[in-house]
Structure formats: C-alpha cells, structure tokens
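# Residue-level structure breakdown
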Amino acid sequence: MTANTALPGQPQIAYAGDQLHVEGVALSQLAREQGTPLFVYSKAAMLSALAAYQRGFAGRQAHICYAMKANSSLAILQVFAEAGCGFDIVSGGELARVLAAGGDPAKVIFSGVGKTRHEMKQALQVGIGCFNVESEAELDVLSEVAVSMSKQAPVSLRVNPNVDPKTHPYISTGLKGNKFGIAHEEALRAYRHAASLPGLKVVGIDCHIGSQITDSTPYLDAMDRVLDLVAEVESAGIPIHHIDFGGGLGINYNGDTPPEADALWAQLLAKLDARGYGQRQLMIEPGRSLVGNAGVCLTEVLYLKPGEQKNFCIVDAAMNDLPRPAMYQAFHQIVPLQPRSGDGVVYDVVGPVCESGDWIGRDRQMLVQAGDVLAVLSAGAYCMSMASNYNTRGRAAEILVDGTKAHLIRQRESAFDTFALEQLV
Ligand code: LLP
C-alpha cells in the first residue's frame, strides 16, 4: 500500500504516509486511546453516499428514507436526519431511536411482516408517514387499531414482484418463496380490501427485492412489474400517491461493481418517464449503500498460531462483533493500520468465540505480528447493528469521525452492562 492510497470504494478511508486514516484521523491513535475492537465511521463518506442519491433525484419529488437496520446508532441517525432524510423502520425500538435522534416521525415508513398491535399504536400516536403492509391479515389488524384510536393509518402495500435479485439467498426478498410482500397476482384484491377498510388510507405502493444487489437489471424488471400494478390498481379507482422502490443497492466489498446510485436512478427514472410516472412522488429505503463503506472495525492481533493445514491469526474481534462472515460467508477486506514490508503468510483470521464458525476472513495473505492492529473494511452496515453479547462479550465502542475530530458515539459495553438486567432467584 503506498502513501495516500484510498482503499476501493471508500475514498475517505486511506493511507497517508504509512498510516491508515479515516478522514483526518489516524486509526492507530484511536486504537491506542479507545482500545479494540472499535468501530470507526466517516461522516463525509456517509454524506457523499447520500449525495449520489440526491444528485440522481435532482428535479424530482423524492424522499430518501434511510433503512436504519443497517446501522442504527443514534449519532448516525442524527447525521441522516440533519441531512433531511426520513427513516425506514422495522420495529417500535427503531421508532424510539428515530425520535431519540431528533428524526421527524412524519418522514418515517414502517416496514416488516410482523408488526404488533402495540407497535402500530406507537407509530400512529406519533404520526408516521406510512405503513408498508405485507399481508391482508395485517391490513385488518392495522385498520382495527387505527379505528380504536379514531385515526386513519396511511398505507402502502409491499408487493412481491417475483424478481431474482441474484444475491445471497438469505438477503433476497422479492421471490415467490420469500415471506415478504403480497404476491403480484393478489395485489389488486388486497388493494380493494385496503380501500374498503375504515381505518386505512391507501397512499402508495412499495417493493424491496433484496440486498447487496450489484446489477441494475433486477431493479428495472421489478419496476416494470410494479408499474403494471399501479396502472391496474388506479384503473380500479384507487389512486396511488407514491411509489417506493425499497433499498438493496450493493457496495464494493471485494471488487464488486454495483452501479453508482445516480447512474442506477438515471436508468430507473428514464423508465418511469417513458411509462408516464416520472413526476410521481418517489421513495427509497437504502441502508447498506449509505453506510457500508463508511465504516471500519479495528481489531488487535492477539496470537499467531501456525498449523499443519492452516495458520490462524487470532484477533480480538469476533462473530459477535462482525457476524456477516459467519452468517452469509461474507467477504470483508482486512488491512493493517501500518503495513509492514514483505510477503507475509496465508492466515485464517478468527476471533476468540468458541465456535468454528467464528471467522472473519479466510486464506488472507498478511504480514503481521501479535500486537498489530488490523482494520476490517466495509464494516459500516449490518455489523454493529447485528452485534450480540455471545460469550458475554461486551459490544464494541463506536467513533464518528468528522474531519479531524473523533467523536465517541457509543461507549464500550462492560461485562456488567451485559448482565445488568438479570437477577438471581
Ligand atoms: N427496505 C426493506 C424493507 C428491507 O428489508 C431492507 C433490508 C432495506 C430496505 C435496506 O436494504 P439495503 O439497502 O441495506 O440493502 N444483514 C444482511 C442484510 C439484510 C437486509 C435486510 N433488509 C447483510 O448483512 O448482508
């Protein structure tokens, strides 16, 4: 790695001299001050990812609702709220976070197949913008809850376009066999039903076909399917005010080449224009593409353990901090904060958790010694938000870098924090 080399997909995370930096902050200094594992995020990287969407939507009526499941730390929500974003939530807990971060409830959309009555009430009380409803049974319950509060719930139906997003099966959601959405063939009936219920007001249509999508074709196909439905539903006399295309745009983990957000939207808007829907209110729910490449996880090398078949590099971060490799065989680049010169050895990078599934990278050529600190890249999305306390490991601390300032946005959890809600009998 040479001086001032930016890493793929993340220009704000780069070597200056022989030191890896996030914006103007040297990561080795943060690791010394805060310990490891440590998540470090670049505010500029998040805003620049957002700017690509904003450029794509220039001159259109569009709302960007950050899918906060990707990273729901309050300070990160604050960054997006201050930049004008709304939020895509999937639980009452996420709604509480939006409010705590100063987000506008009117810009919140509530997705998910299993909303409880309690969560529906909570959302109606604060006046969220829209419920993305995923089944006819949910329509009935939501209407009942709204009527009991003398309110009308704004709803959009999440339709399942039956399009293959060509991604990992666990993160593909728009196919027939998935639990998500209302089947294309049943959508018109569900809309008629929604329009007949006293507690509901139909406002839109929604689809989300999966995550880490690196090709624009599935989006274009899904859009055709959704627009066919808009035409059908509107000719049945039910106006569709907004069209929500969900999230799903992928990032560069390992040489992946997803389209830029503005380029993808140039294609999608051309299709919308061609079919006469270009001036509709649009919504999107991006998560990973706004935060994924904006974060790294710092981890110290504890031990090198050479073996007959494998060499292990044992680090202090584990599957409880970085669950994606164990869950989806996901690839994250791993780089040293201060590269050494030489060829190195091939290692499996593993954590201290007592499971063979606790690996972070496999077959990585690295020149490292115990005590070195490594950065696991593209760790801004679906890492901290999926972290657990397995093996009674406190969750990592988090830092948000803004220029040369490093803000501690979450303290490291102590062992006591992990059992603070428990009691002996
Ligand atoms: N909207 C809905 C309804 C969703 O279910 C999701 C993600 C999003 C938006 C945001 O999708 P994104 O833009 O982030 O792709 N834990 C997995 C990813 C799970 C995605 C779940 N739904 C991973 O680490 O790859």
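Structural data are supplied above this passage.
Heads up: these notes are all about the structure in this document. Because the structure is a prediction, the values reported are computed rather than measured. (Residues numbered from 1 in each chain as written. Predicted model: local features only at pLDDT ≥ 70, side-chain atom pairs only at ≥ 80, totals over all residues. Heavy atoms only, no water.)

## So, the packing of aromatic side chains
This is how it is decided: Planes of paired rings set the category: under 30 degrees apart is stacked, over 60 is edge-to-face and the rest tilted, where pairs are Phe, Tyr or Trp rings (Trp by its six-membered ring) whose centres lie within 6.5 Å. Whether a residue is buried, partly exposed or exposed follows from its accessible area with a 1.4 Å probe, protein chains only, as a fraction of its type maximum: under 20%, in between, or over 50%, in that order. Think of it this way: any DSSP run of H or I at least four residues long counts as a helix, any run of E at least two long counts as a strand, and we number them from the N terminus. Only Lys NZ and Arg CZ are tested; either one counts as a charge over a ring when it is within 6 Å of the ring centre and within 35 degrees of the ring normal.
Within the structure shown, the criterion is met by seven aromatic pairs. For the ring pair Phe39 and Tyr41, a centre distance of 6.3 Å and an interplane angle of 15° mean the geometry is stacked. Residues Phe39 and Tyr41 agree in their burial class; the two are buried. Summarising the aromatic geometry, the rings of Tyr66 and Phe87 are spaced 6.3 Å apart at their centres and angled 65° between planes, so their arrangement reads as edge-to-face. Here Tyr66, found in strand β6 (residues 62–67), pairs with Phe87, found in strand β7 (residues 86–89); they are 21 residues apart in sequence, far enough to count as distant. Accessibility assignment for this pair places Tyr66 and Phe87 in one class, buried. Cluster of aromatic residues (ring-pair linked, three or more members): Phe57, Phe245 and Trp265. Lying over the aromatic face of Phe110, Lys115 brings its terminal NZ or CZ to 5.6 Å of the ring centre.

## Focus: the pattern of salt bridges
Here is the rule: Salt bridges are counted wherever a side-chain nitrogen of Lys or Arg sits within 4 Å of a carboxyl oxygen of Asp or Glu.
This structure, assessed with the given rule, holds 18 salt bridges. The partner of Asp224 in a salt bridge is Lys271, and the shortest N-O contact between them spans 2.7 Å. Within this pair, whereas Asp224 is found in helix α8 (residues 217–235), its partner Lys271 is found in helix α9 (residues 261–274), the two being separated by 47 residues in sequence. For Glu234, the salt bridge identified is with Arg280, shortest N-O distance 3.0 Å. With a gap of 46 residues between them, Glu234 in helix α8 and Arg280 in the loop between α9 and β14 (281–284) connect regions that are remote in the sequence. Its relative accessible area of 26% is what places Glu234 among the partly exposed residues. Among the ionic contacts, a cluster of salt bridges with common partners joins Asp224, Asp228, Lys271 and Arg275.

## Some words on unusual backbone geometry
For the bond running from Thr36 to Pro37, omega is -5°, close enough to zero to count as cis. Tracing the backbone through its elements, the reader meets Pro37 in the loop between α1 (27–34) and β5 (38–42). Phi angles above zero are rare outside glycine, and Asp363 is one such case at about 55°. Secondary-structure assignment places Asp363 in strand β19 (residues 359–366).

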